[in-house]
Amino acid sequence: MSPESPQMPSYAQRRKQRIDALADASVDREPGVSLVRTAWRRLRRDPVFLIGLVITVSFIVLAVVSPWLAPWDPAARPLLDAVRPQSNPVPGPEAGHLLGGDDRGRDLLSRLLVGSRQTLLVGVLATFFGLIGGLVLGTLAGAFAGWTDSLVMRIVDVMLSIPSLLLAFSLAALATRPSQWTLIIAIAVVQVPVFARLLRGSMLGQRASDHVLAARSLGVKRRAIVFRHMLPNSVGPVIVQATLVLAVAIIDAAALSFLGLGNPDDRSPEWGQMLGKAQPYLGEAPHLAFYPAACIIVVALGFTLMGESLREALDPKTRR
């Protein structure tokens with residue numbers, strides 16, 4: 001080999017270069033993607049989520065603009081002259097009244113539209129109050145061990161041992177005067193143990209995590225550990241569960257209103273209340289029950305589809 005020829009690398013140098021090249025090729029140069037962004041990438045390609053999202057958004061928008069969208073005042077009786085108890089107890093569709101009227105001559109379409117607002121209000125408030133109560137009990141049980149956890153869990157177990165609709169019915173029946181607020185409180189109390197148990201389980205998992213153990217070893221106070229580390233990392237599944245509970249709250253509210261335990265003033269329509277008022281006319285006018293029942297089913301289905309898709313997308317075990 002002449003002095004001018006370049007020196008060949010040794011075997012060790014060639015091996016090192018090959019390993020470095022393989023390491024560089026295996027490194028992902030793209031920035032990391034958060035769990036939320038990854039979940040959104042999955043959700044926007046999921047037809048089940050998109051169907052649930054369309055139903056839910058349409059329902060919310062409709063409930064917000066329903067007072068301006070309704071062609072008639074839901075308490076007005078423009079079809080009263082067409083009501084004849086013997087021959088025509090329920091007016092049918094006609095010009096200006098697409099779905100006809102009810103037994104009191106009120107426009108059915110207007111009552112359905114305005115009733116969506118009352119249904120949404122009851123479902124959202126009941127779920128919100130139930131979520132707050134569940135967060136309080138779940139935080140107490142998950143952050144503190146010993147008798148506090150045992151006491152809270154025994155209360156939750158007793159509440160879960162009673163069927164939810166039966167418990168809500170019993171609580172609503174205790175009110176001397178049924179109203180919309182008694183309905184909301186009864187449904188909210190039923191939802192509290194669901195959120196409490198879920199949050200408690202998530203917080204127990206966080207208590208044994210590395211970052212919580214490191215914070216304890218550094219002498220961080222328990223209050224800061226609970227509210228800065230454990231609770232923020234545990235509340236995600238609870239928020240997702242709220243979308244599923246909202247569907248159950250809407251169904252429970254409709255059931256209690258159907259039984260006469262909701263707002264007794266039918267000038268403010270609600271779908272469950274309308275369903276109950278339609279029972280005497282199922283033979284000659286089944287559409288009085290069909291339309292509010294269909295609205296309840298479709299809206300509950302929308303929240304359920306969206307909630308199930310969210311739960312699967314945000315669960316690390318199901319990430320593909």
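In this text the structure is predicted, and so the values were computed from the model without any measurement.

A. View of the packing of helix α7 (residues 180–207) against helix α9 (residues 222–258). Look at α7 against α9: their axes get within 8 Å of each other, and the N-to-C directions meet at 150 degrees. What the angle tells us is that α7 and α9 run roughly antiparallel. Judged by the twist between their axes, the crossing of α7 over α9 is right-handed. Of the residues in the contact of α7 with α9, the class split is 19 nonpolar, eight polar and two charged.

B. Examining the nonpolar core more closely. Ranked by internal contacts, the top residues of the largest apolar core, which has 30 residues, are F59, W271, L288 and F303. Among the secondary structure elements, those contributing two or more residues to this core are α2 (35–43), α3 (47–69), α4 (108–143), α9, α10 (271–277) and α11 (287–314). With nine residues, the single largest contributor to this core is α11. For W271, the contacting residues outside a window of four places in its chain are F59, L112, G115, S116, T119, P292, C295, I296 and V299. Counting 15 residues, the second largest nonpolar core, distinct from the first, contains A126, L167, A168 and A249.

C. Looking closely at the pattern of salt bridges. Using the criterion set out here, one finds nine salt bridges in the structure. Between D102 and R111 there is a salt bridge, and its shortest N-O distance comes to 3.8 Å. Just as D102 is buried, R111 falls in that class too. Each member of the salt-bridge network shares a partner with another, and the members are D102, R104, R106, R111 and D266.

D. Region of interest: helix α6 (residues 164–173). Listed as buried for α6 are L167, A168 and A172. Taken around the axis of α6, the buried residues stretch over an arc of 130 degrees, which confines them to a single face. In this structure, the buried residues of α6 make contact with α5 (147–161), α7 and α9.

E. Main features of the packing of aromatic side chains. If you walk through the whole model with that rule in mind, you get four aromatic pairs. Aromatic side chains F290 and Y291 sit 5.7 Å apart centroid to centroid with 65 degrees between the ring planes, which places their arrangement in the edge-to-face category. A residue is classified by how much of its surface remains accessible, and F290, at 54% relative accessible area, is exposed. Under the relative-accessibility criterion, Y291 is labelled partly exposed at 27%. What links up through ring pairs into an aromatic cluster is the set F59, W271 and F303.

F. Structural view of the environment of A63. With respect to the helices and strands, the residue A63 is situated in helix α3. Among the residues examined, A63 registers a relative accessible area of 2% and is labelled buried. Expressed as a C-alpha distance, the spacing of A63 and G115, which sit 52 residues apart in the sequence, is 8.0 Å. Excluding residues that lie within four positions of it along the chain, A63 makes contacts with S116, R117 and L120.

G. Quick look at the side chain of R111. Structurally, R111 is set in helix α4. Not counting residues up to four positions away in its chain, the partners in contact with R111 are P74, D102, R106, D266, P269, Q273 and M274.

H. Here's a closer look at the side chain of D266. For D266, the location among the structural elements is in the loop between α9 and α10. When neighbours within four sequence positions are excluded, D266 is seen to be in contact with R104, R106, R111, Q273 and K277.

I. Broad picture of the confidence of the model for the chain. Scored by pLDDT, the chain comes out at a mean of 82, with 88% of its residues at no less than 70. Element-level pLDDT for the chain is lowest in helix α1 (residues 11–26), with a mean of 63, against a maximum mean of 91 in α3.

J. Structural view of a nonpolar patch on the surface. Taken together, the side chains of F128, F129, I132, V136, L140, F144, W181, I185 and V189 present a nonpolar region at the surface, about 790 Å² in accessible area. Counting only elements with at least two residues in the nonpolar patch, the list comes to α4 and α7. Of the residues forming the nonpolar patch, the biggest block, five residues, is contributed by α4. The topology assignment puts F129 in helix α4.

K. Spatial organisation of the packing of α4 against α9. Running from amino to carboxyl end, α4 crosses α9 at an angle of 145 degrees, the nearest separation of the two axes being 8 Å. Note on packing geometry: the crossing formed by α4 with α9 is right-handed. Here α4 contributes T119, V122, G123, V124, T127, L131, L135, T139, G142 and A143 to the contact with α9, which in turn contributes V226, M230, L231, V235, V238, I239, A242, V245, L246, A249, I250 and A253. Of the residues in the contact of α4 with α9, the class split is 17 nonpolar, five polar and no charged.

The rules behind the values
- Residues numbered from 1 in each chain as written.
- Predicted model: local features only at pLDDT ≥ 70, side-chain atom pairs only at ≥ 80, totals over all residues.
- Heavy atoms only, no water.
- Axes fitted to C-alpha atoms, helices over the stretch in contact; angles between N-to-C directions.
- Helix = DSSP H or I, 4+ residues; strand = E, 2+ residues; numbered from the N terminus.
- Parallel < 35°, antiparallel > 145°, perpendicular 65-115°, else oblique.
- Left-handed = near helix turned anticlockwise from the far one by under 90°.
- Nonpolar A, V, L, I, M, F, W, Y, C, P; charged D, E, K, R; others polar.
- Core = buried A, V, L, I, M, F, W, Y, C linked by side-chain atoms within 4.5 Å.
- Buried < 20%, exposed > 50% of the residue type's maximum accessible area, 1.4 Å probe, protein only.
- Contact = heavy atoms within 4.5 Å.
- Salt bridge = Lys/Arg side-chain N within 4 Å of Asp/Glu carboxyl O.
- Arc of directions from axis to C-beta.
- Phe/Tyr/Trp six-rings, centres within 6.5 Å; stacked < 30°, edge-to-face > 60°.
- pLDDT = per-residue confidence, 0-100.
- Patch = residues over 30% accessible without salt bridge, like charges linked within 9 Å, V, L, I, M, F, W, Y side chains within 5 Å.
- Areas by Shrake-Rupley, 256 points an atom, 1.4 Å probe, with all protein chains shown as cover.

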